[in-house]
Amino acid sequence: MTDASEIPNFFDGTVDLGIIGGTGLYHLECLEAIAVIPAMVTPWGTTSSPITISKVVGDSQQHFHVAFISRHGLHHQYSPSTVPFRANMAALKHLKCKAVLSFSAVGSLQQHIKPRDFVLPQQIIDRTKGIRESSYFNGVGLVGHVGFGKPFSESFAKYISQFGSVLKHADPKESCSLHFGKDTTVVCMEGPQFSTRAESKMYRMLGGDVINMSVLPEAKLARECELPYQMVCMSTDYDAWRDEAEPVTVETVIANLHNNGANANALASTIITNMANELPEFMLTGDGLQGSIKMSISTKPHAMSKETIAKLEYLLPDYW
Ligand SMILES: CSC[C@H]1O[C@H](OP(=O)(O)O)[C@H](O)[C@@H]1O
Ligand SMILES: Nc1ncnc2[nH]cnc12
């Protein structure tokens, strides 16, 4: 165990996996910090937290490295509407992560998804309100339209889904499931207030399975960075749709965070240990996303803004 004061504040090695921790998940026990980079300044602002670079506990070869960022800051100071999503994803891309694994506390919109279950969504319904900066390609002088029909990395989700049996319930008579299906859908609402009962019922009619306030623009930005991205949704409550129950409050969420945190640690540890043993195909090949930005740019080369290109070189240094 290294003394915190001895940990360097820079890192010049290679990073394999980026992890974004959400509500209640500010570090992972399977990781041992080898550098803590102070909040990184990017062309899109400063990251919400320092970035901890770690190796896997007990890995003497130190060959697999993880970059961990706290979505809401180390002290949960950024609301979901004010998280510097562009800076966070840009920093992970700049560090050359090969994929991003993200964690989020969510409400369940379906009876069979119990609080403390985990979900690997494959679709998103956007109910944010246009107040979040959600693109690197939305200015004048460099317009890009990336494909977003499949907003998550299915290969990454399949990889994670094989480890569902590590999830445990604190009560041995109960169990926790890992739900994964091609149409499993997360609704992203603006917040910070929770939904009304009417909205919650509408989201069920629209086909929502779980709801949070943070998968967007995170997933869009990962796609614009050509990064395979999967969110692990950790159910904490039944939102507001059940007439027989009180609508969600933050107390309900907190009551389930402890169990979810233990399972997030167990799941992340299994994923990371397996990846360190053998890098999965989607991380080696880029999951079909490498080069996709080039095809997505609509602006004619002579009309491209030099200023915007200079910023984008932070993300895609080999493009221009
Ligand atoms: C504290 S409940 C609402 C809050 O929890 C989730 O945060 P995160 O996705 O970062 O785990 C949800 O998206 C809301 O931001
Ligand atoms: N019910 C809910 N709605 C939105 N975000 C959440 N995060 C956890 N529970 C939630």
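All of these numbers come straight from a predicted model, not from anything done at the bench.

1. Here we look at the UniProt feature "binding site: substrate" (unreviewed entry) in the chain
And then number 1: UniProt's entry tags Met213, Asp237, Tyr238 and Asp239 with the feature "binding site: substrate" (unreviewed entry), counted in the numbering of this structure.
And then number 2: Within the fold, Asp237 resides in strand S13 (residues 229-237).
And then number 3: Its relative accessible area of 5% is what places Asp237 among the buried residues.
And then number 4: When residues no more than four places from it in sequence are discounted, the contact partners of Asp237 are Val106, Gly107, Ser108, Pro115, Val248, Thr252 and Val253.
And then number 5: By secondary structure assignment, the location of Tyr238 is in the loop between S13 and helix H5 (250-277).
And then number 6: Ignoring sequence-local partners within four residues, the contact set of Tyr238 consists of Ser108, Gln110, Gln111, Ile113, Lys114 and Pro115.

2. Description of the pattern of salt bridges
And then number 1: Scanning all chains against the criterion turns up twelve salt bridges.
And then number 2: Linking Lys98 and Asp16 is a salt bridge whose minimum nitrogen-to-oxygen distance equals 2.7 Å. Here Lys98, found in the loop between helix H1 (85-94) and strand S7 (99-108), pairs with Asp16, found in the segment before strand S1 (17-21); they are 82 residues apart in sequence, far enough to count as distant.
And then number 3: When its relative accessible area of 26% is taken as the criterion, Lys98 is described as partly exposed.
And then number 4: Put simply, Lys55 and Glu32 hold a salt bridge, and the shortest N to O gap is 3.9 Å.

3. So, the site of ligand 2
And then number 1: Around ligand 2 sit Ala105, Val106, Gly107, Met189, Phe194, Ile211, Asn212, Met213, Thr236, Asp237, Asp239 and Val248, and that is every residue in its neighbourhood.
And then number 2: Asp237 is positioned such that a nitrogen or oxygen atom in its side chain is 2.7 Å from a nitrogen atom of ligand 2.
And then number 3: Within the side chain of Asp239, an N or O atom sits 2.7 Å from a nitrogen atom of ligand 2.
And then number 4: If ligand 2 stood free it would expose 260 Å²; the protein chains cover 95% of that surface.
And then number 5: Within the residue set of the shell around ligand 2, elements represented by two or more residues are S7, strand S12 (210-212) and S13.
And then number 6: Taken together, the residues of the shell around ligand 2 break down into seven nonpolar, three polar and two charged.

4. Here's the deal with the side chain of Gln230
And then number 1: Along the chain, Gln230 falls in strand S13.
And then number 2: Residue Gln230 is classed as buried on the basis of its relative accessible area, which comes to 0%.
And then number 3: Setting aside anything within four residues of it in sequence, one finds Gln230 in contact with Val100, Leu101, Ser102, Leu120, Pro121, Gln122, Phe152, Ser153, Phe156, Ala157 and Ile160.

5. Things to note about the packing of helix H2 (residues 154-161) against H5
And then number 1: Following both chains from N to C, one finds H2 and H5 inclined at 110°, their axes separated by 10 Å at the closest point. Judged by the inter-axis angle, H2 sits roughly perpendicular to H5. Only Leu267, Ile271, Asn274 and Met275 of H5 make contact with H2, whose side of the interface consists of Phe156, Tyr159 and Ile160.
And then number 2: Of the residues contributing to the contact of H2 with H5, the split by class is six nonpolar, one polar and no charged.

6. Section: the nonpolar core
And then number 1: Grouped together as the largest cluster of nonpolar side chains are 50 residues, with contacts concentrated most on Ile51, Ile53, Met89, Tyr136, Val215, Tyr229 and Leu315.
And then number 2: Ranked by the residues each element gives to this core, the list is headed by H1, at five residues.
And then number 3: The residues contacting Val215, other than those within four sequence positions of it, are Ile124, Phe152, Val186, Cys188, Tyr229 and Met231.
And then number 4: Leu25, Phe163, Val232 and Leu267 belong to the second largest nonpolar core, which has 34 residues in total.

What counts, and at which threshold
Residues numbered from 1 in each chain as written. Chains lettered and ligands numbered in written order. Predicted model: local features only at pLDDT ≥ 70, side-chain atom pairs only at ≥ 80, totals over all residues. Heavy atoms only, no water. UniProt positions renumbered as here; feature names shortened; annotations may be inferred. Helix = DSSP H or I, 4+ residues; strand = E, 2+ residues; numbered from the N terminus. Buried < 20%, exposed > 50% of the residue type's maximum accessible area, 1.4 Å probe, protein only. Contact = heavy atoms within 4.5 Å. Salt bridge = Lys/Arg side-chain N within 4 Å of Asp/Glu carboxyl O. Near = heavy atom within 4 Å. Polar contact = N/O pair within 3.5 Å; in protein donor to acceptor, adjacent residues only side chain to side chain. Areas by Shrake-Rupley, 256 points an atom, 1.4 Å probe, with all protein chains shown as cover. Nonpolar A, V, L, I, M, F, W, Y, C, P; charged D, E, K, R; others polar. Axes fitted to C-alpha atoms, helices over the stretch in contact; angles between N-to-C directions. Parallel < 35°, antiparallel > 145°, perpendicular 65-115°, else oblique. Core = buried A, V, L, I, M, F, W, Y, C linked by side-chain atoms within 4.5 Å.

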